[in-house]
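These are the residues of each chain, in order.
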Amino acid sequence: TLLYTIKFELKKERMTASDGSAPGGFHPVCEGENEMVEPTIEANQKGKKPKRSWSLFGDDLNDMVGFLRALAAEFIGTFFLILICVGSANSRVLMGLSGNAATYFLAISFAFGLGIGGIVHILSEASGGNVNPAVSLALFLDKRISLMRCILYTVVQFLGGFAGAGVLYALGNHSQVSSIAGGNGYDSNILGAEHAFFIEVLGTMFLILTILATIDERRGYIPSYTAPLSIGIAIFVLHIWMIPYTNCSINPVRGTVWNVVIGQYPEETLIFMFGPWVGGALAVPIYNAIF
């Protein structure tokens with residue numbers, strides 16, 4: 001018993017920071033500040049969220065190096081999101097593999113779920129791993145990031161997405177339009193524009209609700225690999241459901257940049273740009289009011 005007690009105390013000391021706080025880290029999908037983020041114990045005990053307020057600049061201007069590092073991380077993350085995840089759909093078609101088999105949908109769903117989960121894990125310490133303007137908007141509305149960070153994240157996310165789409169286009173033989181896949185669209189014989197929009201809104205709402213629950217301080221949130229894993233699983237499930245309908249955007253960047261680069265950008269592309277933003281905006285008050 002004595003040995004067990006000593007072992008437990010030593011482990012407890014290693015798991016406790018020098019100032020008595022639990023080892024922190026960075027909130028996935030939250031601000032990439034160079035400081036540990038700790039759940040508020042008092043707020044957890046009362047079942048209330050810590051008080052936050054909207055901010056124009058926050059502390060971003062106090063650490064320009066860290067902020068620029070966060071912007072670079074978001075650019076790189078969104079670059080790889082389009083290159084790898086959208087590329088996983090496009091490469092199968094370029095190789096002549098079937099695009100209608102159930103294994104095709106599962107393969108794409110795994111690529112997006114595991115790929116984005118990995119990207120969020122890589123970026124979490126630098127920027128929070130948003131890689132989605134709808135996520136950035138939701139975090140601003142939830143008073144977790146500043147307005148400036150939300151806007152600039154969105155800008156670099158689109159820039160990174162276009163860069164990734166450009167590289168992806170250059171890597172394949174796209175001399176024929178029929179060899180291009182991975183864009184967002186819907187069959188007008190099955191769905192109307194309002195149906196596609198509604199599906200994108202609901203899908204993004206589910207994603208944002210998952211993220212907010214994952215980083216909720218009241219639930220004893222501790223930064224770890226489980227947060228990106230939860231987000232990746234949610235994205236995996238959403239793709240299984242949504243690919244047959246809209247090819248699953250749930251991200252304004254993913255829903256537009258590849259369509260534009262391959263020259264297929266009809267008016268319906270706006271559905272995949274604004275649908276996720278609406279879903280992200282609606283998810284925040286729903287989560288705060290109910291959960």
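Residues numbered from 1 in each chain as written. Predicted model: local features only at pLDDT ≥ 70, side-chain atom pairs only at ≥ 80, totals over all residues. Heavy atoms only, no water.

## Considerations on a nonpolar patch on the surface
On the surface, F75, I76, F80, I84, I151, L152, V155 and L159 cluster together to form a nonpolar patch covering roughly 660 Å² of accessible area. At the level of secondary structure, the elements contributing two or more residues to the nonpolar patch comprise α3 (64-94) and α6 (147-171). Topologically, F75 is positioned in helix α3. (Patch = residues over 30% accessible without salt bridge, like charges linked within 9 Å, V, L, I, M, F, W, Y side chains within 5 Å. Areas by Shrake-Rupley, 256 points an atom, 1.4 Å probe, with all protein chains shown as cover. Salt bridge = Lys/Arg side-chain N within 4 Å of Asp/Glu carboxyl O. Helix = DSSP H or I, 4+ residues; strand = E, 2+ residues; numbered from the N terminus.)

## Topic: the nonpolar core
Membership of the largest hydrophobic core comes to 56 residues, with the highest contact counts inside it found for I82, F112, I116, L207, I208 and I211. Only α3, α4 (102-123), α5 (133-141), α6, α7 (193-214), α8 (226-246), α9 (252-261) and α10 (269-290) provide two or more residues apiece to this core. If we skip the residues at most four places from it in the chain, I116 touches L81, C85, A111 and I235. With six residues, the next largest nonpolar core counts A70, L71, Y153 and V156 among its residues. (Core = buried A, V, L, I, M, F, W, Y, C linked by side-chain atoms within 4.5 Å. Buried < 20%, exposed > 50% of the residue type's maximum accessible area, 1.4 Å probe, protein only. Contact = heavy atoms within 4.5 Å.)

## Points about the pattern of salt bridges
For the structure on display, the rule yields six salt bridges. Between R52 and E217 there is a salt bridge whose closest N-O contact spans 3.0 Å. Of the two residues, R52 sits in the loop between α2 (41-46) and α3 while E217 sits in the loop between α7 and α8, which places them 165 residues apart along the sequence. Taking the relative accessible area as the measure of exposure, E217 reaches 7% and is therefore buried. Across the pair R144 and E217 runs a salt bridge, and its minimum N-O distance is 3.2 Å. Linking R144 in the loop between α5 and α6 with E217 in the loop between α7 and α8, this pair joins segments that are 73 residues apart in sequence. In this structure R144 comes out as buried when scored by relative accessible area, which is 10%. Shared partners join several salt bridges into a network, and the residues in it are R52, D142, R144 and E217.

## Describing α10
Between its first and last C-alpha, α10 extends 32 Å over 22 residues, near the 32 Å set by a 1.5 Å rise per residue. Every buried residue of α10 is listed here: T269, I271, F272, M273, G275, P276, G279, G280, A283, V284 and Y287. Contact partners of the buried residues in α10: α5, α6, α7, α8 and α9. (Expected span 1.5 Å × (residues − 1).)

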